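Coordinate inspection notes
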Amino acid sequence: MITATLFPGKYIQGCDAIAGLQEWVRRYGRKAFVIGSPSTFTAIVPRILAAVQESVEVVAEPFERECSDEEIARLKSIAVAKACDVVVGVGGGKTLDTAKAVAHEMNVPVIIAPTIASTDAPCSSLSVIYRPDTGRIKRVLMLRRNPDVVLVDTKIIAQSPERFLVAGMGDALGTWFEAESCRLKYAKNMVRAYSSMTAQTMARLCYETLLEYGLAAKTACRQHVVIPALEHVVEANTLLSGVGFESAGLAAAHAIQDGLNALDKDHRYYHGEKVAFGTLVSLFLTDKPSEMIDDVYDFCASVGLPTTLAELGLDGLSDADIAKIASIACAEKETIHNELIPVVPDAVVAAIRVANEEGLRRKNAQ
Ligand SMILES: [Zn+2]
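Residues numbered from 1 in each chain as written. Predicted model: local features only at pLDDT ≥ 70, side-chain atom pairs only at ≥ 80, totals over all residues. Heavy atoms only, no water.

As for the overall build of the protein
Cut-off, in case you're wondering: Only runs of H or I of at least four residues qualify as helices and only runs of E of at least two qualify as strands under DSSP, and these elements are numbered from the N terminus. The atom set for the radius of gyration is the C-alpha atoms, and the globule formula is 2.2 Å times the number of residues raised to the power 0.38. Using a 1.4 Å probe on the protein chains alone, a residue whose accessible area is under 20% of its type maximum counts as buried, one over 50% counts as exposed, and one in between counts as partly exposed. Any two residues having at least one pair of non-hydrogen atoms within 4.5 Å are treated as being in contact. Exposure was quantified through the Shrake-Rupley algorithm and a 1.4 Å probe, taking into account, for residues, occlusion by the shown protein chains and nothing else. Only four residue types enter the tally: Lys and Arg on the positive side, Asp and Glu on the negative side; His and the chain ends are excluded. Think of each charge as sitting on NZ of Lys, CZ of Arg, CG of Asp or CD of Glu.
On a plain count of helices and strands, the protein comes out with 13 helices and 8 strands. Radius of gyration (C-alpha) of the protein: 20 Å, near the 21 Å computed for a compact globule of 366 residues. Taken over the C-alpha atoms alone, the protein extends approximately 60 × 40 × 40 Å along its principal axes. Across the 366 residues of the protein, 58% fall into the buried class. Partitioning the intrachain contacts of the protein with sequence separation of at least 6 by distance along the chain shows that 78% fall at a separation of at least 24. A total of about 15200 Å² of accessible surface is found on the protein, and carbon and sulfur atoms cover 53% of it. In the protein, the 37 positive side-chain charges and the 45 negative ones have mean positions that sit 5 Å from each other.

Following this line, the structure appears as structure tokens:
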């Protein structure tokens, strides 16, 4: 049995970690191409430029909204014209996926500096490419390698709105449940290999870290301060969940998020918020014990992750709408089939209804 575990080259995290960026840039290239989300160009990017320019040349370009083939081609052409030999991505998931794709196309190293901890995208070796006109997923680009350096400054993360951190916890919440299903089923991970005990242990630690430190981390983020609990949760959201999902595999939670995502027309809700609800659905779908169901609902309620469809803007769904979510989640290539039991759309419909009703019941009992 062949196992495969994928890691970023280096993972560096801490308060003021961004101060070390110039050193990392210097190790990997002579001329850096910095791609930053537009919001980072007011404060973070100028600070980075001031520091990095002391040792290497830098070209900076704002990311224009969508991680699309067109945007990747635009950024690549600028980087090639300026003879840049290392890419630095600064921002959230789509900016970072774009930076990873640009570096892949140029075959140069990439340094990733997340400014929010809302998904587990920073460490992975894939970029999700969207269609610029509809905002729908076009394809998943498998990269040659994981990012060379992931540099997470928790002081910057603590300045971001807490909803991002909480959404990251939602994305991370599914990781262990999905990893465990894949382990028991002998289902393969994102690179078509089996998961190692390292990845499985990281996924388990991810779950335990959320339950132990999630609420304190959210409180710290609300206060815009860094405490050890915030450090632990940022590490869980970014590194543990990143290695966990890619190397241990996905299952029901992400497939159900795909179904929910299809009905979230305005994309007002984050990936991790939908994964959290998908995880709740998966608990009933896969017949988990009541204590575990209690733990996960209590956790979601404590940090403010959705436990009802209404909290995802999906109240008053028709039977046909719920059937649509289930049918997308059960599409032939979906990861829901990594669950131990054979999954059919009717079973998913039933689990969605029960998960939502249980969320409502708990809210009414408060
Ligand atoms: Zn995810």
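Overview of the pattern of salt bridges
As a reminder, the rule being used: A side-chain nitrogen of Lys or Arg and a carboxyl oxygen of Asp or Glu constitute a salt bridge if their distance falls within 4 Å.
For the structure on display, the rule yields 24 salt bridges. For Asp-97, the salt bridge identified is with Lys-100, shortest N-O distance 3.4 Å. Of this pair, Asp-97 and Lys-100 are both found in helix H4 (residues 93–106), 3 residues apart, which corresponds to roughly one turn of the helix. Here Asp-97 falls in the buried class, since its relative accessible area comes to 7%. Notably, a salt bridge pairs Arg-183 with Glu-180, separated by 2.9 Å at the nearest N-O pair. Here Glu-180 and Arg-183 lie together in helix H6 (residues 162–185), a separation of 3 residues that amounts to about one turn. We classify Glu-180 as partly exposed; its relative accessible area is 23%.

Topic: the nonpolar core
Heads up, the rule is: Among buried residues, those of type Ala, Val, Leu, Ile, Met, Phe, Trp, Tyr and Cys that are joined through side-chain atoms within 4.5 Å constitute a nonpolar core. Domain start and stop positions are those given by an automatic or database domain assignment.
Core analysis: the largest hydrophobic core is formed by 95 residues, its most contacted members being Val-87, Leu-165, Ile-336 and Val-348. Looking at this core, you find at least three residues from each of domain 1 (10–158) and domain 2 (161–365). Excluding its chain neighbours within four sequence positions, the residues that come into contact with Val-348 are Ile-256, Val-281, Leu-285, Ala-326, Cys-330, Ile-336 and Val-343. Ranked by size, the runner-up nonpolar core spans 22 residues in total, among them Val-34, Ile-48, Val-86 and Ile-156.

Focus: the domain arrangement of the protein
Heads up, the rule is: Buried area: the accessible surface (1.4 Å probe) lost by two parts on joining, summed over both. Nonpolar residues are Ala, Val, Leu, Ile, Met, Phe, Trp, Tyr, Cys and Pro. Charged residues are Asp, Glu, Lys and Arg, and all others, Gly as well, are polar.
Examined at the domain level, the protein breaks down into domain 1 (10–158) and domain 2 (161–365). Between the C-alpha centres of domain 1 and domain 2 the distance comes to 27 Å. Taken together, the contact between domain 1 and domain 2 spans 22 residues of the former and 23 residues of the latter. Overall, the association of domain 1 and domain 2 removes approximately 2000 Å² of surface from exposure, summing both partners, and the carbon and sulfur fraction of that is 61%. The tally of links from domain 1 across to domain 2 stands at 0 salt bridges. Of the residues belonging to the side of domain 1 that touches domain 2, the class tally is 11 nonpolar, 8 polar and 3 charged.

A look at the coordination of the zinc ion
As a reminder of what qualifies: Shown as donors are all N, O and S atoms within 2.8 Å of a metal ion, widened to 3.2 Å for Na, K and Ca; because water is not in the atom set, sites may appear incomplete.
In this structure, Asp-171 (OD), His-254 (NE2) and His-271 (NE2) serve as the protein donors to the zinc ion, at separations of 2.1 to 2.2 Å. Mapped onto the polypeptide sequence, the residues donating to the zinc ion form the spacing pattern D-x82-H-x16-H. You can see Asp-171 sitting in helix H6 and its partner His-254 sitting in helix H9 (residues 252–263), a full 83 residues away along the chain.

With respect to the packing of helix H7 (residues 197–222) against helix H11 (residues 290–303)
Operational definition: Lines fitted to C-alpha atoms define the axes here, with helix axes fitted over just the stretch in contact, and angles between the N-to-C directions of these axes take values from 0 to 180 degrees. Throughout this description, any angle smaller than 35 degrees is read as roughly parallel, any larger than 145 degrees as roughly antiparallel, any in the 65 to 115 degree range as roughly perpendicular, and the remainder as oblique. What makes a crossing left-handed is the near helix being turned counterclockwise from the far one by less than a right angle; a clockwise turn instead makes it right-handed.
At their nearest, the axes of H7 and H11 sit 9 Å apart, and the two run at 25° to each other. As far as their axial angle goes, H11 and H7 are roughly parallel. The handedness of the crossing between H7 and H11 comes out as left-handed. Note on element contacts: H11 touches H7 through Met-292, Asp-295, Val-296, Phe-299, Ser-302 and Val-303, opposite Tyr-207, Leu-210, Leu-211, Gly-214, Leu-215 and Lys-218. Taken together, the residues that form the contact of H7 with H11 break down as 8 nonpolar, 2 polar and 2 charged.

Focus: the packing of helix H10 (residues 271–285) against H11
Following both chains from N to C, one finds H10 and H11 inclined at 165°, their axes separated by 11 Å at the closest point. One finds that H10 runs roughly antiparallel with respect to H11. Here the hand of the crossing between H10 and H11 comes out left-handed. Taken together, the residues of H11 that come into contact with H10 (itself represented by Leu-280, Leu-283 and Phe-284) are Ile-293, Val-296, Tyr-297 and Cys-300.

Digging into the sheet that holds strand E2 (residues 31–36)
Just so we agree on the cut-off: A strand pair is defined by DSSP finding two or more bridges across the two strands.
With parallel pairing, 6 strands are arranged side by side in an open sheet as E1-E8-E5-E4-E2-E3. The open sheet is flanked by strand E1 (10–14) and strand E3 (57–62), the only strands paired with a single partner. Strand-to-strand twist across the sheet, computed as the mean angle between neighbouring axes with direction ignored, equals 15°. The sheet contact formed by E2 and E3 spans 6 bridges and is parallel. In the strand pairing of E3, Val-34 is matched with Ala-60. Together, E1 and strand E8 (149–153) form the strand contacts of helix H8 (residues 228–248), whose direction differs from that of E1 by roughly 155°.

Some details on a nonpolar patch on the surface
Cut-off, in case you're wondering: Patch members must show over 30% relative accessible area and no salt bridge, and they are joined within 9 Å when carrying like charges or within 5 Å when they are nonpolar side chains of Val, Leu, Ile, Met, Phe, Trp or Tyr.
Together, Val-140, Met-142 and Val-191 line one region of the surface with nonpolar side chains, adding up to about 230 Å² of accessible area. Assessed through its relative accessible area of 34%, Val-191 is described here as partly exposed.

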